[in-house]
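Chain and residue survey
The chain contents come next:
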Amino acid sequence: MKTYEIKVLKMGVVTVDKGGMTRGTDCGTKMVIPMWSIAIEGNGMKIIADTGVHSVAWVNENVSTVEGCILEEDETMEGALKAIGWKPEEVDIVINTHLHYDHCGNNRLFKNAKIYIQRKEWEFALDPLPNQKQYYMPSLFAGEAGNGTNIELIDGEFEIAEGLVLIPTPGHTRGHQSVIINTREGVVCYAGDAANLLENITSNIIGNILDDTPEAFKALADIRRKAEFVIPGHEPLIHKYATDNFLAIHG
Ligand SMILES: [Zn+2]
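In this report, the structure presented in the accompanying data block is examined. Just so you know, these numbers come straight off a predicted model, no measurement behind them. (Residues numbered from 1 in each chain as written. Predicted model: local features only at pLDDT ≥ 70, side-chain atom pairs only at ≥ 80, totals over all residues. Heavy atoms only, no water.)

Regarding the nonpolar core
Within soluble globular proteins, side chains that are nonpolar tend to cluster in buried spots. What counts is decided by this rule: Among buried residues, the Ala, Val, Leu, Ile, Met, Phe, Trp, Tyr and Cys ones that are joined through side-chain atoms within 4.5 Å form a nonpolar core. To sort residues, take the accessible area from a 1.4 Å probe on protein chains only and compare it with the maximum for the residue type: under 20% means buried, over 50% means exposed, and anything in between is partly exposed. Segments assigned H or I by DSSP are reported as helices when at least four residues long, segments assigned E as strands when at least two residues long, and all are numbered from the N terminus. Here a residue-residue contact requires only that any non-hydrogen atoms of the pair lie within 4.5 Å.
Core analysis: the largest hydrophobic core is formed by 46 residues, its most contacted members being Ile38, Leu164, Val179, Ile181, Ile231 and Phe246. Broken down by element, this core gets its largest block of residues, five residues, from strand S11 (residues 186–192). Ile231 has contacts with Ile6, Val8, Ile38, Val188, Cys189, Tyr190, Ala191, Gly192, Ile238 and Phe246, leaving out every residue within four places of it along the chain. By size, the runner-up hydrophobic cluster in this structure holds 41 residues, among which are Val59, Ala80, Val91 and Leu109.

Shown next, in the form of structure tokens:
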């Protein structure tokens, strides 16, 4: 089985109400959370999963459930790529777990990449439920940001290459997907917001930004079944530029 190397990229932090990520617990507790993207390399490919935020000012002004968006110099997508020695035009594939503003904000940088998005997510993003409208900004993923023709809308589980598989993990959004990556250490799941925090997986708690409750629980179960380690989309326990020692799912 082919293996891949992962490098975790930090796309800044925001302050949120923890209850937004752990439904029914810790409401009213403020928490500073990172926004993680990952760089995946192997099998002759350079891949980015999720592309961070496009504008700190836009986030602070427009998203009612977050405050205090801050990016260090190497936490913009351009800065993070430079730090790991990648050029945006070298990236072959971009994966969006979903199209919330903090997961696709820099898609436009990747002029030569094929962008994998679930078709259901694309449709939901263009016509979201009222409670999710503020998280979707079509100019970040459609039109020019999609670079015209390089968007690949997929339906369900999709093997990009041996050892690298996209699995549907809806619930948080209609067409959310997670990335299952075979590494030397074992099978790692980049969860996106199917699990914001490790606690979502280990304590079986869903988030509160939600499209479908049963699907959200099923997504957590699928991740537990398919992976040994997890990189939750907003978990403070993960380290910037980490390449291994991800969070164990099973004890
Ligand atoms: Zn999200």
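So, next bit.
Brief notes about the coordination of the zinc ion
Reference values for angles at a metal are 109.5 degrees in the four-donor tetrahedral case and 90 or 180 degrees in the six-donor octahedral case. The condition that has to hold: Sites may look incomplete because water is not among the atoms; the donors themselves are N, O and S atoms within 2.8 Å of the metal, or within 3.2 Å for Na, K and Ca.
The zinc ion binds to the protein through His98 (NE2), His100 (ND1), His172 (NE2) and Asp193 (OD); the donor distances cover 2.2 Å. Of note, the donors binding the zinc ion are all from one chain and are spaced H-x1-H-x71-H-x20-D. Residue His98 is located in the loop between strand S5 (93–95) and helix H3 (101–104), and its partner His172 is located in the loop between strand S9 (164–168) and strand S10 (177–183); the two are separated by 74 residues in the primary sequence. Accessibility expressed as a relative area gives 0% for His98, which makes it buried. Of the residues examined, His172 reaches a relative accessible area of 7% and is grouped as buried.

Remarks on the packing of aromatic side chains
This is how the line gets drawn: Two rings belonging to Phe, Tyr or Trp (six-membered ring only in the last case) form a pair when the distance between their centres is within 6.5 Å. Interplanar angles under 30 degrees mark stacking, angles over 60 mark edge-to-face geometry, and anything in between is tilted.
Within the structure shown, the criterion is met by five aromatic pairs. The interplanar angle of 25 degrees and the centroid separation of 6.5 Å between the aromatic rings of Tyr101 and Tyr135 together place this pair among those described as stacked. Here Tyr101, found in helix H3, pairs with Tyr135, found in the loop between helix H4 (119–126) and strand S7 (151–154); they are 34 residues apart in sequence, far enough to count as distant. According to the relative accessible area criterion, Tyr101 is buried, its value standing at 4%.

Here's the deal with the sheet that holds strand S2 (residues 30–42)
Stated formally: A strand pair is defined by DSSP finding two or more bridges across the two strands. With axes taken as lines fitted to C-alpha atoms, and helix axes fitted only over the stretch in contact, angles between N-to-C directions fall between 0 and 180 degrees.
The strand order S4-S1-S2-S3-S5-S6-S7 describes an open sheet built from seven strands, whose pairing is mixed. Every other strand in the sheet has two partners, leaving strand S4 (66–70) and S7 as the edge strands with one partner each. In this sheet, neighbouring strand axes are inclined to one another by 25 degrees on average, regardless of whether the strands run parallel or antiparallel. Pairing between strand S1 (residues 5–17) and S4: three bridges, direction antiparallel. The partner of Val13 across the bridge, within S4, is Ile70. Contacting strand S6 (114–118) and S7, H4 runs over the sheet at an angle of about 80 degrees to S6.

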